[in-house]
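Per-entry structural report
Listed here are the chains, written in short residue letters.
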Amino acid sequence: MFGSEEGLLARMFRAREATPGHRQALENELLARFQTRQPIAPRSSVTKRYRPLIAASLLAVVAAGAAAAAPTHLDVEVGRSIDIHLPPGAPVPENLGEAFHLTEANGLRKIAIRVTAEDAGTDIHVDLLANDLPAQLAPTLRAAIPALASVPIEEKPLSASVRTSMGKRVAHELFDLDLDTLSVEEAQRAVEARLAAQGITGADVKIERTTGADGKPETKLKVQKREISLGETEGAGDGAHGMAALHLAPGDRARVRIPFDAGRIDVEDRSIVDVTPSDTPRLLTVRALAAGKATVQVFAAGEPARSVSLEVVAGAE
Amino acid sequence: MMRWLRDMRQRTLLAKATRGDAAAFRALYGELYPLVFPFFSRRVRRVEDAEDLAARVFERLLARLDDFDPARGPVATWVLSIARNALIDFLRTSHEAVDVASLAEVLPDPGPGAHEALERGEEMAVLARLVAALDAAERELLVFRFGDGLAHAEIARLVGATPAAVRKRISRTLRELKNERRRISATQRHEEARNDRGNAAGSPAPGHEPGSAKRSSHEGAHHVRI
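Counting of residues starts from 1 at the beginning of each chain's written sequence and follows it residue by residue. Labels are handed out in written order, letters beginning with A for the chains and numbers beginning with 1 for the ligands. Totals for whole chains, interfaces and linings use every residue, but because this is a predicted model, local features are given only for residues with pLDDT of at least 70 and side-chain atom pairs only at 80 or more, for both listing and counting.

1. A word on the overall build of chain B
Segments assigned H or I by DSSP are reported as helices when at least four residues long, segments assigned E as strands when at least two residues long, and all are numbered from the N terminus. Secondary structure summary: chain B contains 10 helices and 0 strands in total. Along chain B, from the amino end to the carboxyl end, the secondary structure elements read α-α-α-α-α-α-α-α-α-α. Whether a residue is buried, exposed or partly exposed follows from its count of other C-beta atoms within 10 Å of its own C-beta, namely 20 or more, 12 or fewer, or something in between, respectively; the C-beta atoms are built from the backbone. Across the 226 residues in chain B, those meeting the buried criterion constitute 35%. In chain B, the share of contacts with a sequence separation of at least 24, taken over all contacts with a separation of at least 6, comes to 62%. Remark: residues whose backbone-derived C-beta atoms lie within 7 Å of one another are considered to be in contact.

2. Some words on the pairing of strand E4 (residues 121-129) of chain A
Residues and elements named next belong to chain A. Judged from the 8 bridges that link them, strand E2 (residues 79-86) and E4 form a sheet pairing that is antiparallel. Following the sheet pairing, serine 81 is matched in E4 by aspartate 127. What makes two strands pair is DSSP finding at least two bridges between them. In the sheet, strand E3 (residues 110-118) pairs with E4 via 9 bridges, with the strands oriented antiparallel. Note that in E4 the partner of isoleucine 111 across the bridge is leucine 128. Hairpin connection of E3 to E4: 2 residues between the antiparallel strands.

3. Overview of the nonpolar core
By definition, a nonpolar core groups buried Ala, Val, Leu, Ile, Met, Phe, Trp, Tyr and Cys residues that are joined through C-beta atoms within 7 Å. Ranked by internal contacts, the top residues of the largest apolar core, which has 56 residues, are Leu28(B), Val36(B), Phe40(B), Val57(B), Val79(B), Ala83(B) and Leu127(B). Element by element, the count of residues in this core is highest for helix H2 (residues 22-41) of chain B, at 11 residues. Counting the residues that make up this core, at least three belong to each of domain 1 (2-92) and domain 2 (100-216) of chain B. Residues contacting Leu127(B), with those up to four places away along its chain left out, are Glu5(A), Leu8(A), Met12(A), Leu177(B) and Arg181(B). By size, the runner-up hydrophobic cluster in this structure holds 13 residues, among which are Ile124(A), Val126(A), Leu128(A) and Leu129(A). Boundaries between domains were set according to an automatic or database domain assignment.

4. As for the packing of helix H2 (residues 22-35) of chain A against H2(B)
The axes used here are C-alpha line fits, helices contributing only the stretch in contact, and every angle between their N-to-C directions lies in the interval 0 to 180 degrees. Closest axis-to-axis distance for the H2(A)/H2(B) pair is 10 Å, and the angle between their directions is 145°. Between H2(A) and H2(B) lies a crossing of right-handed hand. In contact with Arg23(A), Glu27(A), Leu30(A), Leu31(A), Phe34(A) and Gln35(A) of H2(A), H2(B) contributes Ala22(B), Phe25(B), Arg26(B), Tyr29(B) and Tyr33(B). Residues are grouped as follows: Ala, Val, Leu, Ile, Met, Phe, Trp, Tyr, Cys and Pro are nonpolar; Asp, Glu, Lys and Arg are charged; all remaining types, including Gly, are polar. For the contact of H2(A) with H2(B), the per-class residue count stands at 7 nonpolar, 1 polar and 3 charged. Note on convention: the crossing is left-handed when the near helix lies turned anticlockwise from the far helix by less than a right angle, right-handed when the turn is clockwise.

Take it as geometry only, folks, not as evidence of what the structure does.
Quick look at the structure:
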């Protein structure tokens with residue numbers, strides 16, 4: 001028997017219990033002090049008591065047209081996209097992702113790099129999903145990779161990762177609601193109204209009132225909307241595979257842009273989708289026969305396509 | 001995602017508390033107490049000290065509500081940084097930190113059988129001695145990770161390193177602990193086998209009485225603070 005270090009350490013560092021009543025006594029003491037504290041700005045809300053903890057589980061959302069519609073007025077930073085154009089023949093820099101010198105400390109959740117080589121040169125598109133980015137990334141990139149010193153680098157607010165950006169957007173809006181002052185029905189209407197104001201309709205809003213372990217009421221909010229995932233290009237980051245994951249319901253239709261040199265299209269589950277060539281050689285129409293997730297993978301010269309640019313360019317009918 | 005949601009919620013509560021919302025402050029306290037008190041209870045010997053330190057942190061939080069800088073990370077990490085500073089101040093004038101080497105003794109093993117519990121207890125004792133012998137900075141990372149359950153990025157903010165560096169150091173320490181435990185275990189088995197052979201021949205080897213290897217695993221315990 002040889003237990004894992006992780007398990008043994010977790011037990012070794014297990015916390016002890018506080019003296020019974022300590023937590024409540026400290027809370028009372030702090031609240032008494034809080035009452036004597038001068039607030040920064042008087043609260044204008046009509047909320048008299050903030051009883052429950054709002055434990056929100058927000059599942060992101062979105063239909064096709066909203067892909068690039070992440071609002072700019074929100075404080076929450078979604079991320080950034082970087083476009084680099086290399087002249088013909090110029091090698092693609094290695095370790096490009098590391099050259100940004102971003103870490104989880106930047107709130108970094110994902111770096112997706114897409115390289116598209118054509119006769120006119122090589123386009124590199126980078127999606128950085130992060131909360132806390134420097135104002136400018138191009139100088140860092142140029143400093144790390146001298147070959148990019150004179151290459152145009154364009155930075156734009158990220159609009160590619162629809163799931164995350166919309167999730168943040170919805171969460172940001174809803175966390176400000178004082179649902180505790182409302183009945184379940186009123187709270188549901190308030191959430192739906194708030195979502196509608198954000199251009200999100202048809203979402204399934206569930207509000208549940210429960211009693212927490214501490215005896216206090218809790219309000220749980222869940223917002224869910226079936227998603228047509230746009231540009232969720234799984235595997236695009238490593239350049240090894242070109243695939244698009246589509247979350248579809250019956251009747252949905254999406255158009256998938258494929259690379260010009262694609263030789264074969266594989267669809268993971270033909271019982272879910274029907275794929276037919278579209279009006280131009282570089283587009284496919286994906287029509288959902290049943291609900292589910294379908295993965296479309298593209299091959300060039302018999303190998304999983306590299307440098308693939310797959311994106312859904314139209315959503316549900 | 002859950003960490004992010006939690007932080008969003010705590011930021012909202014903090015903002016409300018800053019504007020004078022007592023209920024929001026209470027809710028924020030309710031979220032942070034289960035983080036702050038265990039932080040100290042893992043690191044100081046007496047529960048009373050842990051409670052005092054937790055109270056000190058919340059008093060500072062109350063006094064500095066509007067000092068929170070959203071750009072510098074999550075609310076919980078900010079509060080833990082206050083806690084860490086309070087702990088450093090406390091330990092600077094006190095020697096009442098938890099003795100790591102004693103942790104294996106005070107934590108009962110919930111194993112199913114007596115034999116397995118004994119073996120697991122010995123495993124824990126060996127590991128505790130190895131952890132006690134670690135460099136304090138490495139040990140702190142382990143407590144953050146496996147005691148407080150923090151993510152690498154959260155630890156990185158607290159100790160002023162990059163998440164990649166934190167991840168690497170923790171992985172390396174775990175690997176070294178595992179290798180050292182295997183080496184100790186192999187040595188013990190070898191000595192026990194030799195003792196068994198000696199017993200079978202009716203003449204135990206000098207200095208290797210039955211059970212001596214087991215006892216030696218508890219000898220020379222380091223007494224190093226977390």
